[in-house]
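# A closer look at the structure
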Amino acid sequence: LMLIDIMNDLGEFECAHEMLLKAKEANPDDKRITRIEAMVVGAHKKHRLSMLERKHEEGLLTGSEHFEKAELHSDLGQIQEAIVHFQRAADDQDLAQISMAKMAVNLCDRGMYDLAAEMLDPIELTRELDDRHPDMKEMFYVVSRTLERIKSHELALTFYKRIFYVDASYRDVVRRLERLS
């Protein structure tokens, strides 16, 4: 475990992560490994974010790198920065829909519910889109739950229906539709 810590401190995140996986396999119930894992993953995310930030300052980020940067910001609770980079990632046609959906979730986190609904509205949730982006239903669900919680039932109902048309078995969508209809 000390070697994992040393490798992490040296910035050898891949090596530290590989050692961590082996340690976890050998000692699955060791709570120290869980704590170290959080530290290694967090350090790796911050390191990757700083690398992407340097590229961003040079104006060299691709759409997928904007997307990765947005996800890292979101994971670190930096919602405003995440929104900006999801918006930039959406300029890439292949990432447009998933970026807009993830931006909607982040907008909900900032209390910007109407704007979140506007981001989801043009996205047609289909089985093909669900196959390409398996977490798309979850984005719709999170926004719908948030809208339901703030008593915006009609909007919530609209997005729950979109999930229902693609996968009626998803979570408790049918029950929520019954309750809101």
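In the block above lies the structure referred to throughout.
Residues numbered from 1 in each chain as written. Predicted model: local features only at pLDDT ≥ 70, side-chain atom pairs only at ≥ 80, totals over all residues. Heavy atoms only, no water.

### Structural notes on the environment of Asp131
- Note on placement: Asp131 falls in helix H8 (residues 127-132).
- Once the C-alpha coordinates of Asp131 and Lys24 are considered, the two residues, 107 residues apart in sequence, prove to be 31 Å apart. (Helix = DSSP H or I, 4+ residues; strand = E, 2+ residues; numbered from the N terminus.)

### Some points on the pattern of salt bridges
- Under the criterion given, the structure shown has 16 salt bridges.
- Taking the shortest distance from any N to any O, the salt bridge between Glu71 and Lys102 comes out at 2.8 Å. Here Glu71, found in helix H4 (residues 63-75), pairs with Lys102, found in helix H6 (residues 96-109); they are 31 residues apart in sequence, far enough to count as distant.
- Glu71 sits in the partly exposed class, given a relative accessible area of 28%.
- Where Arg176 meets Asp172, a salt bridge forms, and the shortest distance between an N and an O atom there is 3.0 Å. Residue Arg176 shares its accessibility class with Asp172, and that shared class is buried.
- Each of Glu148, Asp172, Arg175, Arg176 and Arg179 takes part in a single network of salt bridges with overlapping partners. (Salt bridge = Lys/Arg side-chain N within 4 Å of Asp/Glu carboxyl O. Buried < 20%, exposed > 50% of the residue type's maximum accessible area, 1.4 Å probe, protein only.)

### Considering the environment of Phe67
- The topology assignment puts Phe67 in helix H4.
- On the basis of relative accessible area, Phe67 is assigned to the buried category, the value being 14%.
- Distance in space between the C-alpha atoms of Phe67 and Ala89 is 5.1 Å, their sequence separation being 22 residues.
- For Phe67, the contacting residues outside a window of four places in its chain are His85, Phe86, Ala89, Leu95, Ile98, Ser99 and Lys102. (Contact = heavy atoms within 4.5 Å.)

### Focus: the packing of aromatic side chains
- Counted according to the given criterion, the structure contains five aromatic pairs.
- Where Phe140 meets Phe159, the ring centres are 5.9 Å apart and the plane angle is 70°; that geometry is what we call edge-to-face. Remark: Phe159 occurs in helix H10 (residues 153-166) and Phe140 occurs in helix H9 (residues 136-149); sequence separation between them is 19 residues. Side by side, Phe140 and Phe159 carry an identical accessibility label, which is buried.
- Centre to centre, the rings of Phe164 and Tyr165 are 5.9 Å apart; their planes meet at 65°, and the pair counts as edge-to-face. (Phe/Tyr/Trp six-rings, centres within 6.5 Å; stacked < 30°, edge-to-face > 60°.)

### Examining unusual backbone geometry
- Residues other than glycine seldom take positive phi values, yet Lys151 does so here, at roughly 70°.
- With respect to the helices, strands and loops of the structure, Lys151 is situated in the loop between H9 and H10.
- Here Arg171, not a glycine, exhibits a phi torsion of approximately 45°, which is positive.
- Under the relative-accessibility criterion, Arg171 is labelled exposed at 51%.

Geometry only, nothing functional implied.
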